[in-house]
Structures are given as C-alpha cells and as structure tokens.
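# Architecture and fold: a report
Here is how the chains run, residue by residue.
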Amino acid sequence: MAKVQDPAKGNHRVAVVTGRLRTGLILALVLLTVLGVRLFQVQAVDPQGMAETAVAERLQTRAVPPLRGSILDSEGNYLARSVERFDIVVDQTLSHPYAEDQEYARSTSEGQEMVSFDQAFEELSGILGQDAESLRSLVLGDASFNFVAKTVTPEIRDKVLAVKFPGIYADRTTLRTYPSGSVAGSIVGFLGTDGPQEGMELTQDDVLAGEAGSRTYEIGGDGIRIPYATNEDVPVRDGDSVKLSIDRDLQWFAQQAIASQVEEYNADWGNVVVVEAKTGRIITMAESTTVDPNDPGQTPAEYRQPLSVTVPFEPGSTTKIITMAAALEEDIIEPESRFEIPSTYTVDGQTFKDAFDHGTVHMTAAGIFTKSMNTGTVMIGEQLTKQERYDWLKKFGIGEPLDVGLNGETVGLLAKPEEWDGRQQYTVLFGQGLAQTALHTAMVYQTIANDGVRLAPSLIDSYIGADGTETAAGKTESTRVVSEQTAREVQHMLETVTAEGSGRGGALDQYRVGSKTGTAEAPAANGGYDGYTLSYAGIAPMDDPQYVVVVTLQRPEGSLQVLDPGKTFKKVMQQVLTTRNVAPSSSEPELYPVEY
C-alpha cells in the first residue's frame with residue numbers, strides 16, 4: 001500500500017530551508033556591509049593616512065653634514081680644508097631576505113641579471129680593497145646599521161653603489177686635512193673627537209661650521225633607493241672660509257729660523273712676530289715648536305697654542321722705547337739732552353746700576369738709549385709722575401687685550417701705580433716689574449714705525465662665503481699715541497742703537513734698520529729666577545718703515561755677551577724685505593751723538 005506524505009511535514013522542511021537561506025543571506029549582507037564600510041574608510045575616508053603609513057615604512061632619513069669652511073693664508077693657500085667623503089654603510093635587515101638564495105636581482109641597461117653574493121663580494125672587495133670574506137661578515141647579519149667602509153672618495157662611493165647590493169648605501173661625511181702641516185699650526189688649530197680644540201678652528205667655529213641638512217627617500221624591498229619616489233631634502237649650508245693675514249712661505253721660513261737658533265742655544269723656546277707697520281697685519285707669528293694639526297698628539301699641550309700671544313714675560317730694555325717716547329712727548333728731554341751719569345744711581349733709597357761697569361760718563365738721551373743704561377733711563381723717567389708712567393705704558397698697549405682671534409691670549413701683567421712698591425715704580429721704566437707678550441712688544445714698535453699711530457693687530461683678513469663672496473674682516477682701529485715728530489726722533493734713536501749699540505747683530509747691508517735689544521731674568525717655578533729672556537725688536541727700512549720684526553728667546557744657554565737674537569732677526573727681516581720687493585734704502589742713517 002502506498003505511503004501517503006503528510007503536507008504539514010513538507011511545509012516544515014520548506015520553512016527550515018527557507019530560514020537557513022534567509023540567515024545565510026543576512027550574514028552575507030552583514031559581511032558585505034562591513035567590507036564596504038572598511039573599503040569606504042580606506043578609499044574615501046583615510047586614503048592618505050594608509051598610504052602615508054605604507055610609505056613611512058619605506059622611508060629613510062639621513063643627516064647631511066656641511067662642508068666645513070677652509071682656513072687660508074693671505075695668498076689663498078690652504079692651511080686647513082675639508083673634502084667631501086662618504087661612509088659606506090649597510091642595513092643588514094634589507095639583505096637578509098636574499099640570504100637563503102645567496103643571490104639578488106640587479107637591473108642593468110639590458111634588463112635584469114641575477115647576481116650571486118660571492119660575485120657581489122668579489123666586486124666590492126676589488127673596489128674597497130678589503131678581503132671578500134671580511135666584507136661578507138660586515139654586510140650580512142640582522143643589524144639595521146653597520147659600517148662597511150669610512151671616508152671613501154665620491155668615485156669609490158659611485159662604484160660601490162653600482163654593485164646594487166641590497167641594503168648598502170652611502171652617507172655623506174667630510175675629512176679635515178691640513179695641507180701645510182705644522183706651518184702656522186698653532187694659529188690654525190685642529191679638530192678633535194669632541195670638535196674644535198685650538199686656534200682658529202676653535203675661535204672661528206661659528207663661521208667655519210655651517211649648518212647640517214637632511215635627506216629623506218624611499219627604500220624598496222630590495223634595499224635599493226626607489227627612483228622618482230618621495231625625496232625631501234633640507235638644504236645643507238656649507239661653512240664660510242677664513243682668510244688670514246699670515247704669509248705661509250714667510251711663516252715657514254721664520255719657523256725654521258727660530259727653531260734653528262733655539263736648538264743652537266739649547267733654549268726652552270723662541271718665537272718671531274712680523275707685523276706690517278702701516279696696517280697692523282700680522283704676516284708671521286712663528287714658534288720654534290708648533291703643532292701639526294694632522295697629528296696634534298705628537299706635540300706637548302703647552303706648544304699647541306702660539307706662545308707669542310699666550311705667554312707673558314718681562315721684556316727688559318725693549319720697553320725703554322716707551323720711556324724715551326713719553327719723555328720726548330712731554331718735553332722732558334730732546335734726543336741730544338745731556339746727562340752726567342755716575343756708575344750707580346740712587347733715588348728714593350733705590351740704587352740702580354748698568355749691565356756694564358763704568359765710571360761717571362757724559363751721555364746724550366739718545367746715548368743712554370743706545371747703550372741701554374738703566375741708570376740714565378731712571379734719571380729721565382723719574383721726571384714723569386707715577387701715574388704718567390702708568391698711563392704711557394697703557395697708551396702703548398701694555399696690559400691691554402690685543403684680541404687677534406686666538407684662544408688663550410693674555411693681556412700680560414701691569415699693576416696699577418698705587419700698587420707699585422718703592423723699586424717697581426722705577427723698574428717699569430726699563431721693562432721689569434711688568435710682563436707682556438711678544439705681540440705686545442711688536443705693536444709698541446709698530447706705533448713708532450707708523451709715525452706715532454697705534455693700530456690694532458689683525459690676524460684675519462676676510463671671510464669668504466660658500467658662494468665665493470669675500471667680506472673684509474673689518475677696519476683696523478687707530479689711535480695717535482705720540483706726535484709724528486716724536487716718532488721720527490725715536491726712529492733715529494733706534495737707528496743709532498743698530499749702528500753703535502747692541503743692535504749691530506741685526507744690521508742689514510742694503511736696508512737701514514732701527515732696533516733695540518732686551519734682557520730680563522726669567523722666573524723659575526719656585527719663585528726665583530733660572531735664566532734669561534732675550535729679545536730683539538727692529539724696524540726696516542728706516543727711510544720708509546714697512547715692517548716690524550720681534551725675536552724672543554726663552555732661557556738660552558751661554559754667555560749673554562755672545563747670545564744674539566739679532567741673528568734670527570737679520571735672517572727673517574731680510575727674507576721679508578726681499579720677498580715683498582721692498583726697494584733698498586737710498587739714504588744714509590740719521591744718527592744722534594751718543595756722548596758729549
């Protein structure tokens with residue numbers, strides 16, 4: 001008998017199927033709605049944010065150091081310069097995906113080629129001059145940064161990047177070099193791991209340093225920069241250059257000359273300062289021992305600065321020029337004023353004698369200066385009040401800052417007159433009881449050579465921008481200290497010293513020279529004295545004064561009768577006048593009588 005289907009059950013099955021379909025449809029619609037909303041967010045609401053996130057993951061930002069400005073001599077020769085170099089570095093995480101296959105794809109002009117790691121490291125080895133296996137250990141790993149090679153030339157960088165090894169790129173850096181070595185080394189200074197250490201490198205750092213920039217670019221999955229992708233540069237501003245008044249060739253000559261005499265006399269040190277009389281420009285400031293900025297550690301720290309501006313000393317008789325100029329200007333004496341001078345001279349309970357024994361002698365004021373007599377100098381100088389003596393020393397720059405742009409400069413030592421004791425009030429008249437640098441001495445003689453007008457010494461001629469624009473460092477300050485007549489009279493007194501006094505050692509055959517020597521005791525560490533400081537200060541040519549040269553020797557060994565810094569003065573002044581094409585003197589010296 002046939003089985004009859006129950007209609008109610010059929011309807012139930014249909015309902016179940018229909019319900020399942022409806023539920024599935026609802027779920028599908030919900031999923032589609034969620035996907036649609038998300039798609040709307042991605043494509044319409046925040047497309048830039050998502051894109052930026054993706055790009056950010058590929059961006060690399062590198063600092064771009066500026067090219068440090070150069071330091072030049074007066075002729076434009078390099079004393080210090082920076083050259084562009086590159087550090088080859090690697091992000092090992094970018095080469096890691098290729099490590100398993102030991103090869104990567106490299107694009108060429110003909111398409112793409114597969115390059116094995118072995119081949120790549122052999123290529124890099126030939127370019128960098130490093131062992132291939134050593135390079136492999138530097139390049140492969142899991143570090144995000146590692147050095148492969150440092151300070152390579154732009155040509156080497158280009159060859160390395162042409163290998164296109166994943167993750168290898170180049171960072172711009174600079175290399176500081178000092179082509180002239182130790183010539184003017186203590187003036188130029190040097191850089192250390194912590195930045196500039198001495199000299200112009202330190203004091204002119206704001207000018208030389210420039211400002212760093214940056215470079216941001218995209219890196220692809222293969223570690224190679226993506227062309228035409230995000231490329232944002234913050235421009236670098238290279239440093240300006242500093243042009244000095246120093247003449248490199250004369251500086252070298254003077255360094256050799258003073259080093260030779262220091263060795264001959266077994267002195268502690270010596271220096272030579274050369275100044276243009278009519279401009280105040282320092283064209284030479286040479287030390288017997290000076291630092292090579294390429295290797296500063298080889299030079300003791302005390303010689304890494306120019307002693308010409310950092311070490312004060314009692315100048316001795318070279319300072320008598322101030323006493324004579326002041327007495328002439330104050331109408332106390334004339335060059336031929338007459339003095340009867342005993343073997344010793346006592347004033348205010350203080351007794352003074354001269355370096356040589358003599359009975360009572362009859363000398364002119366010029367003769368007192370020529371024979372460098374302390375007795376006669378005190379007899380003249382005591383006619384100035386203590387305040388006047390102090391004021392005249394200050395007028396000539398003693399105890400005053402010179403500010404030539406070097407670190408460690410000193411003003412020397414000059415106590416106020418109310419602090420002078422009974423003896424010091426007179427010893428300052430002949431260069432004892434005070435201290436000054438070799439440059440201070442040079443600028444005193446510059447004032448007389450420039451007909452009584454004192455100039456501020458200068459060591460920097462100009463600044464040169466990265467675009468080549470040159471700007472003068474500034475106008476030299478000038479101050480009239482004594483009248484032209486007084487200056488001319490002192491000039492003739494200086495010539496008399498060269499002809500008939502202690503300055504004979506610096507006399508030149510073709511040029512008229514005015515000079516003065518100085519001798520003072522050098523202080524010892526224990527508070528006493530353990531030697532002498534010798535000086536020779538001179539001007540030439542005296543018919544038209546152009547240059548001042550000051551030579552200083554510290555603690556030379558030997559008899560004072562034979563030690564002669566004038567030998568170095570003669571060499572240096574002759575070289576200066578010859579190389580600067582100064583015409584020989586065409587007139588005879590104008591001398592004053594020494595005795596009457």
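Here we summarise the structure given alongside this text. Computed from a predicted structure; not experimentally measured. (Residues numbered from 1 in each chain as written. Predicted model: local features only at pLDDT ≥ 70, side-chain atom pairs only at ≥ 80, totals over all residues. Heavy atoms only, no water.)

## Regarding helix 5 (residues 132-139)
Of the positions making up helix 5, those classed as buried are A132, L135, R136 and V139. Around the axis of helix 5, the buried residues are gathered within 105 degrees of arc, so they sit on the same side. Exposed residues lying more than 90 degrees from the buried face of helix 5 are E133 and S137. Elements in contact with the buried residues of helix 5: strand 3 (78-90), helix 3 (92-95), helix 4 (117-128), strand 6 (146-152) and strand 7 (168-177). Residue D131 occupies the N-cap position of helix 5, its side-chain oxygen lying 3.0 Å from the main-chain nitrogen of E133. Residue G141 follows helix 5 closely and has a positive phi angle near 155 degrees. (Buried < 20%, exposed > 50% of the residue type's maximum accessible area, 1.4 Å probe, protein only. Helix = DSSP H or I, 4+ residues; strand = E, 2+ residues; numbered from the N terminus. Arc of directions from axis to C-beta. Contact = heavy atoms within 4.5 Å. Polar contact = N/O pair within 3.5 Å; in protein donor to acceptor, adjacent residues only side chain to side chain.)

## A look at the nonpolar core
Note that soluble globular proteins tend to have their nonpolar side chains buried in a common cluster. Counting 87 residues, the largest nonpolar core has I187, L244, I321, F396, L439 and L459 as the members making the most contacts within it. Broken down by element, this core gets its largest block of residues, eight residues, from helix 17 (residues 438-449). Excluding residues that lie within four positions of it along the chain, L459 makes contacts with I187, M200, L244, S245, I246, I282, M285, V404 and L406. Residues I258, A267, I283 and Y536 belong to the second largest nonpolar core, which totals 28 residues. (Core = buried A, V, L, I, M, F, W, Y, C linked by side-chain atoms within 4.5 Å.)

## Some points on the layout of surface pockets
Taken as a whole, the largest pocket holds about 1,100 Å³ of empty space. If you list the elements that add at least two residues to the lining of the largest pocket, you get strand 17 (350-353), strand 23 (514-523) and strand 24 (529-540). Ranked by the residues each element gives to the lining of the largest pocket, the list is headed by strand 23, at six residues. Of the residues assigned to the lining of the largest pocket, the class counts are eleven nonpolar, 13 polar and nine charged. (1 Å grid on protein atoms, 1.4 Å probe; cavity = no way out; pocket = protein on both sides within 12 Å on 5 of 7 lines; lining within 4 Å. Points joined across faces, edges and corners; volume = space filled by probe spheres on them. Nonpolar A, V, L, I, M, F, W, Y, C, P; charged D, E, K, R; others polar.)

## Focus: empty space enclosed by the protein
Per the stated rule, a full pass over the model turns up one cavity of 30 Å³ or more. Considered as a void within the structure, the largest cavity measures approximately 60 Å³ in volume. When residues in the lining of the largest cavity are grouped by element, the largest group, four residues, is from helix 15 (residues 386-395). Looking at side-chain class alone, the lining of the largest cavity contains seven nonpolar, one polar and two charged residues.

## Overview of the packing of aromatic side chains
Aromatic ring pairs are reported here in terms of the distance separating the ring centres and the angle at which the planes meet. Summed over all chains, the structure comprises eleven aromatic pairs. Geometrically, the ring pair formed by Y104 and F165 is edge-to-face, given 5.3 Å between the ring centres and 70 degrees between the ring planes. In this pair, Y104 is assigned in strand 4 (residues 103-108) and F165 in the loop between helix 6 (154-162) and strand 7, connecting sequence segments 61 residues apart. Ring geometry for W392 and F396: centres 6.5 Å apart, planes at 40 degrees, overall tilted. For the residue pair W392 and F396, the accessibility class agrees, reading buried in each case. Pairwise contacts between aromatic rings join Y104, F117, F121 and F165 into one cluster. A cation sits over an aromatic face here: K150 above F147, 4.5 Å from the ring centre. Sitting above the plane of the F369 ring, K516 keeps its charged end 5.8 Å from the centroid. (Phe/Tyr/Trp six-rings, centres within 6.5 Å; stacked < 30°, edge-to-face > 60°. Lys NZ or Arg CZ within 6 Å of the ring centre and 35° of its normal.)

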